[in-house]
Amino acid sequence: MVNVQKFIETAIQEIKEKAGDEKVVIALSGGVDSSVCAELAARAIGDRLIPIYIDTGLMRKNETEQISGLFSHIGLKTVDAADEFFEALKGVIDPEEKRKVIGEKFIRLFEREAKLTGAKYLLQGTIYPDVIESQGGIKSHHNVGGMPLDIEFEDVIEPLVDLYKDEVRDVAGGLDLPTEIRHRMPFPGPGLAVRCLGEVTPEKIAIVREANAIAEEELVEKHNPWQCFAALIGLGTGVKGDVRLHGWIIAVRAVHSRDAMTAEPLELPWDTLHKIAARITSEIPEVARVVYDVTPKPPATIEYE
Ligand code: XMP
């Protein structure tokens, strides 16, 4: 466990030293990692911090509005890039390729914003498990392995690179960040794209976004998972009225974990599972089937891609 106050002092000092008199751009996603980074940097360099939120079109229901509201006090700029992301993802099926495409787009957008503001440095909320999983070749987290090599920033500042997730939450507490940020469930950088198997299209993302909102509504408060979500995993047969039809299959996942390196599925009551299946299939007409994933990590990962 880190000594929170000491960590905060050292991180602020390091950001000050690395940034010098320059401006620093941060990719704020609203997750606990980037929020802690933004708060540390705001304390270190004040308005030389340029916080930018990219709306990729791959975020959860109402997430963009929430984050814009929560961070308006530090001058958060929202960039609507949904069309660009969907265009770049056309025809991309391979999960690693998806992460690379999304990582590349992110960095290019930040470079564009940095040029507009004259910022020289990029601040990132990379944490320790991101680094080891990327090194181990399990997958390239978009904020690590997917980073283009010809990056145009002078340097990248990563103050949380030695911390595990629960330590980041402790630091968030030490910084007095609101509870909705401190206890925000982890959400992958590539967003709903890695919860949509196969090609990413606006239609499939709209479906998985609704399903995910239902899963969160039914699970977060009542069952307190470390992480839960819905993923669109393929097409199957269903029957609605008297008609046999093809419809999407939604997988629901809810896990306990400490640090995301291992995870155990929650033993959910049948009535909860029935309710989720009933709501998803009735509220989203394109869905024919709902399954609950009972695989631990390992051998499965938490996300589907
Ligand atoms: P996996 O699927 O590897 O997920 O068991 C472990 C944790 O990491 C999150 N995750 C990601 N976060 N970029 C991120 O920033 C990514 O590409 C990514 N992939 C997975 C996942 O939600 C889980 O909490």
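Residues numbered from 1 in each chain as written. Predicted model: local features only at pLDDT ≥ 70, side-chain atom pairs only at ≥ 80, totals over all residues. Heavy atoms only, no water.

Draft legend 1. Local environment of the packing of aromatic side chains. One pass over the structure, following the stated rule, counts three aromatic pairs. Judged by centre distance (5.8 Å) and plane angle (70°), the ring pair of Phe-85 and Phe-106 falls under edge-to-face. Here the residue Phe-85 occupies a position in helix H4 (residues 82-89), and Phe-106 occupies one in helix H5 (residues 95-117), the gap between them amounting to 21 residues. Exposure remark for Phe-85: the relative accessible area of 1% places this residue in the buried category. Geometry around Phe-187 places Arg-60 over its ring, the cationic atom sitting 4.1 Å from the centre. It is Arg-258 that lies over the ring of Tyr-164; its NZ or CZ is 5.9 Å from the centre. (Phe/Tyr/Trp six-rings, centres within 6.5 Å; stacked < 30°, edge-to-face > 60°. Helix = DSSP H or I, 4+ residues; strand = E, 2+ residues; numbered from the N terminus. Buried < 20%, exposed > 50% of the residue type's maximum accessible area, 1.4 Å probe, protein only. Lys NZ or Arg CZ within 6 Å of the ring centre and 35° of its normal.)

Draft legend 2. Structural context of the packing of helix H1 (residues 4-19) against helix H2 (residues 32-45). With their axes 9 Å apart at the nearest point, H1 and H2 run at an angle of 60° to one another. Looking at the two axes, H1 sits oblique to H2. Every pair of crossing elements has a handedness; the one defined by H1 and H2 is right-handed. Contact with H1, carried on its side by Phe-7, Ile-8, Ala-11, Ile-12, Ile-15, Lys-16 and Ala-19, involves Leu-40, Ala-41, Arg-43, Ala-44 and Ile-45 of H2 and no other residues of that element. Here the contact of H1 with H2 is composed, by residue class, of ten nonpolar, no polar and two charged. (Axes fitted to C-alpha atoms, helices over the stretch in contact; angles between N-to-C directions. Parallel < 35°, antiparallel > 145°, perpendicular 65-115°, else oblique. Left-handed = near helix turned anticlockwise from the far one by under 90°. Contact = heavy atoms within 4.5 Å. Nonpolar A, V, L, I, M, F, W, Y, C, P; charged D, E, K, R; others polar.)

Draft legend 3. Here's a closer look at the pairing of strand S1 (residues 24-27). Strand direction decides the pairing type here: S1 and strand S2 (residues 49-55), joined by four bridges, are parallel. Along S2, the bridge assignment pairs Ile-26 with Pro-51. Of the strand pairs in this sheet, S1 and strand S4 (residues 121-123) are connected by three bridges, and their pairing is parallel. Across the sheet, Val-25 pairs through a bridge with Leu-122, a residue of S4. (Pairing = 2+ DSSP bridges.)

Draft legend 4. Molecular detail of the environment of Asp-155. As for its position among the elements, Asp-155 is in strand S5 (residues 155-157). Between the alpha carbons of Asp-155 and Arg-253 there is a distance of 37 Å; along the sequence they are 98 residues apart. The contact partners of Asp-155, leaving out residues within four places of it in the chain, are Lys-120, Tyr-121 and Leu-122.

Draft legend 5. View of the nonpolar core. Membership of the largest hydrophobic core comes to 85 residues, with the highest contact counts inside it found for Val-36, Leu-40, Ile-54, Leu-160, Ile-250 and Ile-280. Here the element with the most residues in this core is H2; it accounts for eight residues. Aside from chain neighbours lying at most four places away, what touches Leu-160 is Phe-7, Asp-33, Val-36, Cys-37, Leu-40, Gly-125, Thr-126, Ile-127, Tyr-128 and Val-168. Counting six residues, the second largest nonpolar core, distinct from the first, contains Trp-226, Phe-229, Ala-231 and Ile-302. (Core = buried A, V, L, I, M, F, W, Y, C linked by side-chain atoms within 4.5 Å.)

Draft legend 6. Main features of the pairing of strand S7 (residues 243-256). Both strand S6 (residues 227-240) and S7 contribute to a ladder of 13 bridges, which runs antiparallel. When the sheet's bridge partners are listed, Gly-236 is paired in S7 with Gly-247. As consecutive antiparallel partners, S6 and S7 are separated by two residues, and within that stretch Gly-241 has a phi angle of approximately 65°, a positive value. Pairing between S7 and strand S8 (residues 264-265): two bridges, direction antiparallel. By the bridge assignment, Val-255 is partnered in S8 with Pro-265.

Draft legend 7. Highlighting the packing of H2 against helix H7 (residues 165-174). Running from amino to carboxyl end, H2 crosses H7 at an angle of 40°, the nearest separation of the two axes being 10 Å. One way to sum up the angle between H2 and H7 is to call them oblique. Classified by chirality, the crossing of H7 by H2 is left-handed. Packed against H2, whose contacting residues are Val-32, Asp-33 and Val-36, the element H7 presents Lys-165, Val-168, Arg-169, Val-171 and Ala-172 at the interface. Residue composition of the contact of H2 with H7, by class: five nonpolar, no polar and three charged.

Draft legend 8. Representation of the pattern of salt bridges. Counted by the stated rule, this structure contains 20 salt bridges. One salt bridge connects Glu-216 with Arg-60, and the closest N-O pair in it is separated by 3.1 Å. With Glu-216 in helix H9 (residues 202-223) and Arg-60 in the loop between S2 and helix H3 (63-70), this residue pair connects regions lying 156 residues apart in the sequence. The exposure class assigned to Arg-60 is buried, which follows from its relative accessible area of 11%. Here Arg-253 and Asp-293 are joined by a salt bridge, their closest N and O atoms 3.4 Å apart. (Salt bridge = Lys/Arg side-chain N within 4 Å of Asp/Glu carboxyl O.)

Draft legend 9. Main features of the sheet that holds S4. With respect to topology, five strands assemble into an open sheet ordered S3-S2-S1-S4-S5, the strand pairing being parallel. The open sheet terminates on both sides in strands that have one partner only, identified here as strand S3 (77-80) and S5. The sheet shows a mean angle of 30° between the axes of neighbouring strands, direction not considered. In the packing of H1 onto the sheet, the strands contacted are S1, S4 and S5, and the crossing angle to S5 comes to about 165°. Here H3 sits on the sheet in contact with S2 and S3, set at roughly 165° to S2.

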